[in-house]
Amino acid sequence: MARHPYADLPDAAYWRRAVGNIAPEAIDPVAAAPFQIGARTKVAAAGSCFAQHIGRYLKAAGCAYLVTENAHPVMTEAAGAALNYGLYTARTGNIYTARQLLQLMERAYGRFQPKEDLWEESGGVLLDPFRPTIQPGGFNSRREFDIDRVRHFAAVREAFETLDVLVFTLGLTEAWRARRDGAVFPVCPGVSGGRFSAEAHEFVNFGVADVAGDLAAFVKALRAVNPAAKLILTVSPVPLVATAEPRHVLTSTVYSKSVLRVAAEMTVKAFDDIVYFPSYEIVASGFAGDYFAADRRSVTEAGVAHVMRVFADHYLKGASGGGVFADIVRKAARSVTGAVGAEARAAGLEAAFSVMCDEEALDPAFLSGPRAPGAA
C-alpha cells in the first residue's frame, strides 16, 4: 500500500480514536504543550468572565498566581472580595475584547487618554467607564477616583512587566465605543452607568482582521516591556447575553466565537511562545459532555473542572506525575455533579464557581432569575 501523510499520525488526529471511542469526561483536545508552568512561574489572568475560573483554581492550588493589585492591608478578606480585588491579576474588571486589552496597555503607559474618562452619577458618585462595576457604589470624590486610577495603572504596568505567562480569555466581538476617539467600553454606556447617546457612542462588531490586528499589536507592546512573556489564548465558551445585531442571539454567538477562534489561531501562528488552549472546545462543542446549566449559558462546575484538569495535565510541571494541583482538579472533576463536591470544597475551590460579569447587566431578568453557581 502506498504511503501517505495520514499513515503515521498520532491518535489525536483521528476522530474515532480521540473522540468517538473515548468517554466524554476523558476527552482531552490538547495534543502537546510547548511550555510548562512551574511552581514559581508567575501566571497572570485577564479577559472575559470565564477567565476568573483559571485564576481562582491556580490560587486555590497554591500556584504562583500573580496579583499586583491587592486590597489595603487593613481590609478584611471579605471586604477585599466585595471590592473585586483578586478576580484578575489587576483590578481590571472584565476585558471582553482584544481591543479592550490593547487599550488597557496604551492607557496604562500613557499613550492613550480617552476623552470620556469619567461618569458622574446622581448624588455626585463617580464611575470608571472602563471598569463601571469594579467599585460597588462608585467613588465618592474625584480625589478618591484619581488615586485609585493611578494605583490601578501602576498595578497593570507591574503585571505586564513581571508576568511570565499571561492567560487571556477572549469573550466577545460586539462592543460599544466612543465616536470621538474610538475608546471601547466593556458594556454599553447607560447599562451600568453613564448615559447613552447615539451622537457620542456607536456599536461595533469586530471582524477577524480587527481581532488579530489588536492581538498582534498587544503582543508587540507587551514584549517591548517584557521580552520573555508567554501567552496562552483561550476563547470563552459562554454565549452572549444579548446581541445588538438585528438577528438571533444564537447566530451572533456562533459568529462571535468563530471570529475569536480564528483570530486566536492566526496569532498563535504569527508569534513564538503563544499557544491556544481549547476551553471553548471542551465546553461548547458538546462532545465532552453537556456542560451548560438550565439557562444554556452558565457553565457548570463539572465543565470548569474538566477544563482545568486538562490544563493541569499539560501545562503544570509534574502534573502527570501526580502533582498537588493536578490531584485537586482531578478530584474536583470526579466529585462535581449538579453541586460543588466535597473535594472541591475541601480544596477551597467553591468560590471558583461564582464570577463577576458586566455583560449580564444587559438583561436584568437574567440577574434576577435563577442561576447556576458557574454562571460566567
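Residues numbered from 1 in each chain as written. Predicted model: local features only at pLDDT ≥ 70, side-chain atom pairs only at ≥ 80, totals over all residues. Heavy atoms only, no water.

Participant: Help me understand the packing of aromatic side chains, please; the structure alone is not making it clear to me.
Facilitator: The relative placement of two aromatic rings is captured by the distance of their centres and the angle of their planes. By the definition in use, this model includes eleven aromatic pairs. An angle of 85° between the planes, with centres 5.0 Å apart, marks the rings of W15 and F287 as edge-to-face. Taken together, the residues W15 in helix α1 (residues 15–20) and F287 in the loop between α8 (279–284) and α9 (301–315) connect sequence positions 272 residues apart. Judged by its relative accessible area of 52%, W15 falls in the exposed class. By relative accessible area, which is 48% here, F287 ends up partly exposed. Centre to centre, the rings of F277 and F311 are 5.4 Å apart; their planes meet at 85°, and the pair counts as edge-to-face. In this pair, F277 sits in the loop between β9 (274–276) and α8 while F311 sits in helix α9, placing the two residues 34 residues apart along the sequence. For the pair shown, F277 and F311 are each scored as buried. Chaining the aromatic ring pairs together yields one cluster made of F35, F277, F311 and Y315. In this structure, R17 packs its charged tip against the face of Y14, placed 4.0 Å from the ring centre. (Phe/Tyr/Trp six-rings, centres within 6.5 Å; stacked < 30°, edge-to-face > 60°. Helix = DSSP H or I, 4+ residues; strand = E, 2+ residues; numbered from the N terminus. Buried < 20%, exposed > 50% of the residue type's maximum accessible area, 1.4 Å probe, protein only. Lys NZ or Arg CZ within 6 Å of the ring centre and 35° of its normal.)

Participant: Would you take a moment to explain the sheet that holds strand β6 (residues 184–185) for this structure?
Facilitator: Read across the open sheet, the three strands follow the order β6-β5-β7; overall the sheet is antiparallel. In the strand order of this sheet, the two ends are held by β6 and β7 (201–205), each with one partner. The pairing of strand β5 (residues 174–178) with β6 spans two bridges and is classified as antiparallel. Bridging across to β6, R177 finds its partner in V184. (Pairing = 2+ DSSP bridges.)

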